[in-house]
Amino acid sequence: MSHAALAACMSFRDASAGQLQEWLSVHTLVGVDLFILHDDHSRHFTDDVAHLLAPHLNHGTVVMVPPTSYPFFDATFVSPQLNLSAKFVGQIEFLTRCVETAVARSAAWLINLDLDEVALPQPVHSSLVQALEAAARESPSLCCLSVRRHNFYTTDEVRELTAAPEAIETTV
């Protein structure tokens, strides 16, 4: 079994082959070498998606984790006493499987993203791995990072935010 420098976890539902291809391509370019994917109970897992993923699955650069007990879109409460929704249980189940897969593949780093999110290194670094390794050298006890996130909006949403441009950029 191969070792991964950087694994990326992503859950999708009813994604097109084009969306997945773009996401995989961008993250391959910035250094992701293992993709741990989860189909969140898609209503339509198309032949195009299966065809796109097949070579990646055969090569071992993509691993599909099994479906979770509860879909992420399920807002029912599994335990009303604990205020625990099925969505939360499904997400925790996926993230646990993601971490287990990354550990089994000896991934040095793990990032969790959505299909509409892209992780890009700052211009000083040529890859995410290089950026993460630089951060680890600066802080040897580093276990996790908080990264600056930029939200991109539709034209209508941008018009609404024009009065408050500071709302466009947030730090996670």
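About the thresholds
Residues numbered from 1 in each chain as written. Predicted model: local features only at pLDDT ≥ 70, side-chain atom pairs only at ≥ 80, totals over all residues. Heavy atoms only, no water. Pairing = 2+ DSSP bridges. Helix = DSSP H or I, 4+ residues; strand = E, 2+ residues; numbered from the N terminus. Axes fitted to C-alpha atoms, helices over the stretch in contact; angles between N-to-C directions. Contact = heavy atoms within 4.5 Å. Buried < 20%, exposed > 50% of the residue type's maximum accessible area, 1.4 Å probe, protein only. Polar contact = N/O pair within 3.5 Å; in protein donor to acceptor, adjacent residues only side chain to side chain. Disulfide = S-S within 2.5 Å. Phe/Tyr/Trp six-rings, centres within 6.5 Å; stacked < 30°, edge-to-face > 60°.

Visitor: Can you break down the sheet that holds strand β2 (residues 34-39) residue by residue, with the values?
Guide: Consider a sheet: its strands pair through backbone hydrogen bonds, and that pairing is either parallel or antiparallel. An order of β3-β2-β1-β6 is seen for the four strands of this open sheet, with the pairing classed as parallel. Edge positions in the open sheet fall to β3 (62-64) and β6 (109-114), since each of these has one partner strand only. Each strand of the sheet is rotated relative to its neighbour by a mean of 20 degrees, with strand direction disregarded. Relative to β3, β2 runs parallel, the two being bridged by three bridges. Its bridge partner being in β3, F35 is matched across the sheet by V62. Relative to the sheet, helix α2 (residues 47-59) contacts β2 and β3, its axis offset from that of β3 by approximately 105 degrees.

Visitor: Please set out helix α4 (residues 128-138) residue by residue, giving values where relevant.
Guide: Given 3.6 residues to a turn, an α-helix orients residues that are three or four positions apart in the same direction. Looking at α4, one finds that the buried residues are L128, V129, L132, A134 and A135. Taking the backbone nitrogen of V129 as reference, a side-chain oxygen 3.4 Å away marks S127 as the first, capping residue of α4.

Visitor: For the state of the cysteines, give the residues involved together with the corresponding values.
Guide: Going through the model one piece at a time under the given rule, you end up with one disulfide. One disulfide bridge connects C9 with C98, the sulfur atoms lying 1.1 Å from each other. Of this pair, C9 sits in strand β1 (residues 6-12) while C98 sits in helix α3 (residues 86-104); the two residues are 89 residues apart in sequence, bridging distant segments of the chain. The exposure class of C98 is buried, given its relative accessible area of 1%.

Visitor: Please provide a residue-by-residue account of the environment of S11, values included.
Guide: Examined against the element boundaries, S11 turns out to sit in strand β1. When the C-alpha positions of S11 and L95 are compared, they lie 9.4 Å apart, and in sequence the two are 84 residues distant. Setting aside residues up to four positions removed in sequence, S11 forms contacts with H38, D40, F72, F94 and L113.

Visitor: Could you give an account of the packing of aromatic side chains, naming the residues involved and the relevant values?
Guide: How two aromatic rings sit relative to each other is set out by the distance from centre to centre and by the angle between their planes. The final tally for this structure, using the stated rule, is one aromatic pair. With a centroid separation of 5.7 Å and 65 degrees between ring planes, the pair formed by W23 and F35 is classed as edge-to-face. Here F35 lies in strand β2 and W23 lies in helix α1 (residues 17-29), a separation of twelve residues in the sequence. Overall, the relative accessible area of 3% leaves W23 in the buried class.

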